[in-house]
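Given next are the chains, with one letter for each unit.
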Amino acid sequence: MEQREPCAGPVPGRCSHFVQRKKRYCKMIVGEGKKFCGEHAENGEEQSSRIRIPCPLDPKHTVYEDQLQKHLKKCNSREKPPPVYYVRDVNSGAVAADTSQEQVSLNSLSKEDLRRLTDTLVQVTAGVDPPLPDKKLCHPALNEALNDPANGDSASKHLKQQGSILGHLERLGLLGQSRCFVEFGAGRGKLSHWVNIATEDAENVQFLLVERATTRFKVDGKQRKSTFERLHIDIQHLCLDRVPSLVQKQLPVIGIGKHLCGAGTDMALRCLVHNYFNPEGEPQSKRSRTDAEQSVSLEPTNHCSVDGIVIALCCHHRCDWQHYVGKGFFEKLGLGQQEFGLFQRMSSWATCGTRRPSQVENSSGKVNFEDIEHDLDQKNNDCNEESAQGLQLSVEKREHLGRLCKLLIDRGRVDYLERMGYKASLEYYTEPEVSLENVILTAVPQLHKANS
């Protein structure tokens, strides 16, 4: 990247303090006759009898001590009242019956125990169908972007995945008018952006972008025709039936996501199919007082219909037994929380050691934010390299076992959706050269007439 040259001097009417970290002068407006803003007055020439102290809500900024109480009422870091669609732990799932059960690490298993575990994995997945092949689709909405010569390698991979997701939405007949697309783990909102382009001729299309983190370089602010709304909330606490715009418009919902990480997928599925008031989707596990109260109090009067789900899966090593929707599937196979925890961590074997950090600068030396987002998708922060305890497994064998773990976890999700009245499937939506996390979960109501 090009190095930024320091400014020649402060902008008139702005602070004269030079911010070394940013290699420029502070841009805060100063009072009449002053050279420095309040934040930097003590660092400059101006001294005052008034004392500035770190803000107790966020010590990254300071405030005059005699104005502290006034500042706390308007500080951007103050705790804000939750939105009306916030219901604590509404999508968390049932609490495990034995909460005292300790998690067993792979390293603590003997060679014999680990061999029995891998044998069990192979046995229970022997009759499980793998994801459907040859489902690598595309959509004409991305043709121009895919052929842009300015794309970096990782940006092209990113676009290919989004094109395939849109292709699956079209195949299932989900790209139409009068829909509300809910993107879980939306990030910058690029997937919704392309869905918006693909439905530009459709009327009455709305987008809800669910993202708990503050996101830079968002693209939803650039949209004009469709309605884009961001919900700054953890999926764990999101009650869709209480989102005012959704309640008002009563649009059928399409749940979408690209590389929705680990437990985020399970909570999104529960959020979409409203398992919190229909606990039959869960095994008979101990439910907390909060769960019991919510199952009664949250039965909606304006139940929003979910016409489809298309989610590219990711990071099974970050799944959690409490949040997992496929407990019943595991229990039918004679498996439980301990086996789930081991298979969950073994799933990282499918991708560990094979990822390579992408370059985020293109040939012109400028940062491509498409590349950054793709790189974040590919990065496995919690990937653990727990050993195979002397089993001397080859890289190919470890990867195979890791994929079986992913398949088992995903099949539990399919089983859950089928019990909740959906026709669900797993499909390879892109090549492993494009993304190692190349499986997509699709679901439509059983009576839905999808295109073949």
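Preceding this section is the structure that the text describes.
A brief look at the structure comes next. (Residues numbered from 1 in each chain as written. Predicted model: local features only at pLDDT ≥ 70, side-chain atom pairs only at ≥ 80, totals over all residues. Heavy atoms only, no water.)

## A short note on the packing of aromatic side chains
Counted by the stated rule, this structure contains nine aromatic pairs. When the centroid spacing of 5.2 Å and the interplanar angle of 75 degrees are considered together, the rings of Phe 18 and Tyr 25 count as edge-to-face. Ring pairing ties together the aromatic residues Trp 321, Tyr 324, Phe 330 and Phe 340, which thus form one cluster. Looking at Arg 52, its charged tip hangs above the ring of Tyr 64, at a distance of 4.5 Å from the centre. Taking the ring centre of Trp 349 as reference, the NZ or CZ of Arg 398 above it sits at 4.5 Å. (Phe/Tyr/Trp six-rings, centres within 6.5 Å; stacked < 30°, edge-to-face > 60°. Lys NZ or Arg CZ within 6 Å of the ring centre and 35° of its normal.)

## Here we look at the nonpolar core
Counting 41 residues, the largest nonpolar core has Phe 184, Leu 238, Leu 240 and Leu 417 as its most contacted members. The set of elements that each furnish at least two residues to this core consists of strand E5 (179-184), strand E6 (205-210), strand E8 (253-261), helix H7 (263-273), strand E9 (306-314), helix H12 (395-419), strand E10 (422-428) and strand E11 (439-445). For this core, the element with the highest residue contribution is H7, accounting for seven residues. Apart from residues no more than four positions distant in its own chain, Leu 238 is found in contact with Tyr 85, Val 90, Asn 91, Phe 184, Val 210, Leu 231, Ile 233, Val 243 and Cys 271. In terms of nonpolar packing, the next biggest core, distinct from the first, is built from 26 residues, Ala 141, Leu 166, Leu 172 and Ala 202 among them. (Core = buried A, V, L, I, M, F, W, Y, C linked by side-chain atoms within 4.5 Å. Buried < 20%, exposed > 50% of the residue type's maximum accessible area, 1.4 Å probe, protein only. Helix = DSSP H or I, 4+ residues; strand = E, 2+ residues; numbered from the N terminus. Contact = heavy atoms within 4.5 Å.)

## A short note on the sheet that holds E11
Taking strand neighbours across the sheet as the criterion, the seven strands line up as E7-E6-E5-E8-E9-E11-E10 in an open arrangement whose pairing is mixed. Only two strands of the sheet have a single partner each, and these edge strands are strand E7 (227-231) and E10. Taken over all neighbouring pairs, the strand axes of this sheet differ in orientation by 15 degrees on average, direction set aside. Of the strand pairs in this sheet, E9 and E11 are connected by four bridges, and their pairing is antiparallel. Bridge pairing in E11 links Ala 312 to Ile 440. Packing against the sheet, helix H4 (residues 153-171) makes contact with E8, E9, E10 and E11, and its axis sits at approximately 150 degrees to E8. (Pairing = 2+ DSSP bridges. Axes fitted to C-alpha atoms, helices over the stretch in contact; angles between N-to-C directions.)

## With respect to the pairing of E11
Along a regular strand, successive side chains alternate from one face of the sheet to the other. Within E11, six of the seven residues are buried, leaving the element largely enclosed by the surrounding structure. In this sheet, E11 lies alongside E10 in antiparallel orientation, the contact comprising seven bridges. Opposite Lys 423, over in E11, you have Val 444 as the bridge partner.

## Some details on unusual backbone geometry
Here the phi dihedral of Asp 89 falls at roughly 60 degrees; this positive angle occurs in a residue that is not glycine. Within the fold, Asp 89 resides in the loop between helix H1 (68-74) and helix H2 (111-124). With a phi close to 55 degrees, Ser 178 is a non-glycine residue in the positive phi region. With respect to the helices, strands and loops of the structure, Ser 178 is situated in the loop between H4 and E5. For Ser 178, a relative accessible area of 30% puts it in the partly exposed group.

## Section: helix H10 (residues 337-346)
Among the 10 residues that make up H10, seven are buried, leaving the element largely enclosed by the rest of the structure. Buried within H10 are the following residues: Phe 340, Gly 341, Leu 342, Phe 343, Gln 344, Arg 345 and Met 346. Along its buried surface, H10 packs onto H2, helix H9 (327-332) and H12.

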